[in-house]
Amino acid sequence: MMALHSDQSTPKKETARVNQCGILGDAWRKYVDRKNIVLQFLGNNLNTDILKHYETRLELLKKCSYYVDVLPKHLTLGDQNLFQPNVLYQLIDPCKFLRMKKIGTTQVKIQLLLLREYLSELKYGREELKVIAKISDVTLFLLHWNTTCSRLGQLFNTLKNFISVLIPGKLYVKHHLMSDAKSNKIPQLRVVLRTKMPVLFDRKESSAYHNSVELKWLVLGEEAHHELYELKYKLLEPHYCTEKNHFGVISVESGSIEIGNLLPDSSYEFTISRAENYTLVYSAWCDIMILKTKASNHLHLFPGQVYYSQSAPRHSAIASSKEFSEAAHEMPDLTHLVSFPPCYGDPFKSSSSPPL
């Protein structure tokens, strides 16, 4: 898995080099051992495959939808009905809940920003370590070893922080969500951020005909769920004044729809996303697809009223992107990748990553 080629010499060449340069054997052994530390860190933690996986994971998180879940901290027997989501949200103070949603939106934005900064730091650090690993001057390498050691420790902590921020967790709120009168009867609640995978058009199954289109979509990496989606469409490059109003928004509860009475030989832009609901805090991305209807021999200058029909919910999903499909599955435990051999002076004692 090592992405770099070591310039280690054969035993005979090493002996000749030691004799020629007058370098003590102890210094040479330190050079080899410490250089291996750098190479091992690069190979185990910052190789191209791992960084590519992190980048794919970050791009996926940018396209996800984020929601808040309000749950009781402790649930006793017989309280299940009281703590159903629809019951809890009726007990929560609406103003406090809206304030908490703003906090959730800010927290998600900070999370995505931190991940981007951490990933940039890891990429830059990889290039730095590659340069250090190519240093063949033993004296120069050992002279700057303390600086190298410190840099390794920084990258070690950056990697730990990146992994800890990958999965949204507890939402940090300072105030109670219920009014004082209700909070005396209801136990403490905890608020967590929940992530839903992005909704994508199934481009293999979506088709355009002379004056209609059939659209299908899926939730990446999951089976299609029965939830509310928002589909938007609009005619691109209208030629007549009446065609400028050829757009619309449709609420769909299934995984497919047929839209009819469209103009032939015309390009339409379609977007699909989850419909906004009470618990949504952040969703900045939607999938866009352009389809062109087939040409028709009949003259059709002015479109009539667009109609549409929904199909039954789909119960399977086929990922359209191999990389995103792999990243959409549950994030594996990557902490084993942050392995680090002991270094002189033990400068790699990591501090606990700050909570998000």
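Residues numbered from 1 in each chain as written. Predicted model: local features only at pLDDT ≥ 70, side-chain atom pairs only at ≥ 80, totals over all residues. Heavy atoms only, no water.

Undergrad: Just to check I follow, could you spell out the sheet that holds strand β1 (residues 65–72) for this structure?
TA: Think of a sheet as strands paired side by side through backbone hydrogen bonds, with each pair either parallel or antiparallel. The sheet built from three strands is open, its strands ordered β2-β1-β10 with antiparallel pairing. What marks the edges here is a single partner per strand, and that holds for β2 (189–196) and β10 (280–282). Pairs of neighbouring strands in the sheet enclose a mean axial angle of 35 degrees, with direction left out of account. As defined by bridge partners, β1 adjoins β10 across two bridges and the pair is classed as antiparallel. When the bridges of β10 are listed, Tyr 66 appears paired with Tyr 282. (Pairing = 2+ DSSP bridges. Helix = DSSP H or I, 4+ residues; strand = E, 2+ residues; numbered from the N terminus. Axes fitted to C-alpha atoms, helices over the stretch in contact; angles between N-to-C directions.)

Undergrad: Looking at this structure, how should I read the sheet that holds strand β7 (residues 247–252)?
TA: In space, the four strands of this open sheet follow the order β7-β6-β9-β11, with antiparallel pairing throughout. Two strands lie at the open edges of the sheet, namely β7 and β11 (287–292), each paired on one side alone. On average, each strand axis in the sheet is tilted by 20 degrees relative to the strand beside it, whichever way the strands run. Bridge count for strand β9 (residues 267–274) against β11 is six bridges, and the pairing is antiparallel.

Undergrad: Please explain the packing of aromatic side chains as it appears in this structure.
TA: Aromatic ring pairs are defined here through the distance separating the ring centres and the angle between the ring planes. Tallied over the entire structure, the rule returns eight aromatic pairs. Each ring, one from Trp 28 and one from Tyr 31, has its centre 5.2 Å from the other, and the planes form 35 degrees; the classification is tilted. Of this pair, Trp 28 and Tyr 31 both sit in helix α2 (residues 25–45), separated by three residues, roughly a single helical turn. Of the two residues, Trp 28 and Tyr 31, both sit in the buried class. Three or more aromatic residues link up through ring pairs in this structure, and these residues are Trp 28, Tyr 31, Phe 141 and Trp 145. Over the face of the ring belonging to Tyr 67 we find Lys 196, whose NZ or CZ atom lies 4.8 Å from the ring centre. (Phe/Tyr/Trp six-rings, centres within 6.5 Å; stacked < 30°, edge-to-face > 60°. Buried < 20%, exposed > 50% of the residue type's maximum accessible area, 1.4 Å probe, protein only. Lys NZ or Arg CZ within 6 Å of the ring centre and 35° of its normal.)

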